[in-house]
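Working through the structure, step by step
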Amino acid sequence: MEQLLQQIESYRAEISAAKADTTTAVEEFRIKYLGTKGLVKNIMGEMRNVPNERKKEFGQVLNDFKLFVEEKYESLKAATAGSENNEGDGTDWSLPGDPITVGTRHPLNIVRNQIVSIFKRLGFAVAEGPEIEDDWHNFGAMNLPEDHPARDMQDTFYINQNPSWLLRTHTSSVQARVMETQKPPIRVICPGRVYRNETISARAHCFFHQVEGLYIDENVSFADLKQTLYFFVQEMFGNDVKVRFRPSYFPFTEPSAEMDISCLICKGDGCNICKHTGWVEILGSGMVHPNVLENFGIDSNKYTGFAFGMGVERITQLKYQVNDLRLYSQNDLRFLKQFTGVI
Ligand code: DAH
């Protein structure tokens, strides 16, 4: 009997040192110790030979041993659970993966979104129109009749198949589209791409982007125009930037004004960007010309409105100090990656 007890002790030592790294090894352990022909079953069979007066004592020892083996089996099983894939090719599935390169937002889109979100907070809705326009929406409706000299202000691409179609030269055409379908009060912001027949250089391109604004209601004044644009500039560039309005001329507004801001690059001291004046023009604006309102059946005695149009490239240039317009369309990753993470 003492011999059997000793044997059990040595099995305990052997089992506690047992290792199994794979599910196959764990299964082998189970068969060897806990299977129908396994060690535990075998030792249980020894009860037959134990004298009656020691059966109770031995029953206890054997039960403890069986529990001990079962616990060991459970712990080996838990340690290898889910690691089946580790078998075979030696791949370590816990290693970090290769980074996935995600795209970046284009700087013009970043700035366009910022402009739009500022005006949205003032209650402006977004409106869009087609890039291929007809003469009426781009010019006629905006108070530039066919023989109007101001048409030469913008060199236009016409469509060969139909010379009354053209690539819109400004987003003011969307004003026409909106007034055609909506009644005042109207409060819209219209971002979009525009085209002009220009020789491509660092300072000019044959396509660029504008954001147009239009506000028509009763009693809209030039003071509303100024306050709205002051607010925009402060939100966009901060409180330190200075603003000035200069009288100007646009056929679709009367009176008209261009707005300059103090140069952000040289802080007004004078540099290449501001042509050494300390000021940079960022938009054209004015009170909507009565002819434009009447073109869409809006009573110009009852309603007034203001409009403005700004260049997204110019604002992006000032925000990010981009000196060559061509960078925006060359898709050079060294340029685009500098805007990683900017939303
Ligand atoms: N359409 C003008 C341009 O392309 C910009 C502009 C000026 C738009 C005055 C306006 C405005 O709505 O009122 O240069």
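Residues numbered from 1 in each chain as written. Predicted model: local features only at pLDDT ≥ 70, side-chain atom pairs only at ≥ 80, totals over all residues. Heavy atoms only, no water.

Turning our eyes to something else, we now look at the pattern of salt bridges. Here the structure, examined in full by the defined rule, presents 13 salt bridges. With a closest N to O distance of 3.1 Å, Glu57 and Arg54 form a salt bridge. Residue Glu258 is joined to Arg246 by a salt bridge in which the shortest nitrogen-to-oxygen separation is 3.2 Å. Here Glu258 is found in strand β7 (residues 253-262), whereas its partner Arg246 is found in strand β6 (residues 243-250), with 12 residues between them in sequence. Via salt bridges that share partners, Arg244, Arg246, Glu258 and Asp260 belong to a single interconnected network. (Salt bridge = Lys/Arg side-chain N within 4 Å of Asp/Glu carboxyl O. Helix = DSSP H or I, 4+ residues; strand = E, 2+ residues; numbered from the N terminus.)

Okay, helix α5 (residues 107-121) next. Over its 15 residues, α5 extends 22 Å from the first C-alpha to the last, a length consistent with the 21 Å expected when each residue adds 1.5 Å. If you check which residues of α5 are buried, you get Pro107, Leu108, Ile110, Val111, Ile115, Val116, Ile118 and Phe119. In the segment just after α5, Gly123 is the residue with positive phi, at about 95 degrees. (Expected span 1.5 Å × (residues − 1). Buried < 20%, exposed > 50% of the residue type's maximum accessible area, 1.4 Å probe, protein only.)

On to the sheet that holds strand β1 (residues 125-126), then. Spatially, β1-β4-β5-β9-β8-β7-β6 is the arrangement adopted by the 7 strands of the open sheet, whose pairing is mixed. Each having just a single partner strand, β1 and β6 make up the two edges of the open sheet. Bridge analysis of β1 against strand β4 (residues 186-195) gives 2 bridges, and the strand direction is parallel. Along β4, the bridge assignment pairs Val126 with Ile189. Here helix α10 (residues 312-320) sits on the sheet in contact with β5 (207-217), β7, β8 (279-288) and β9 (304-311), set at roughly 60 degrees to β9. (Pairing = 2+ DSSP bridges. Contact = heavy atoms within 4.5 Å. Axes fitted to C-alpha atoms, helices over the stretch in contact; angles between N-to-C directions.)

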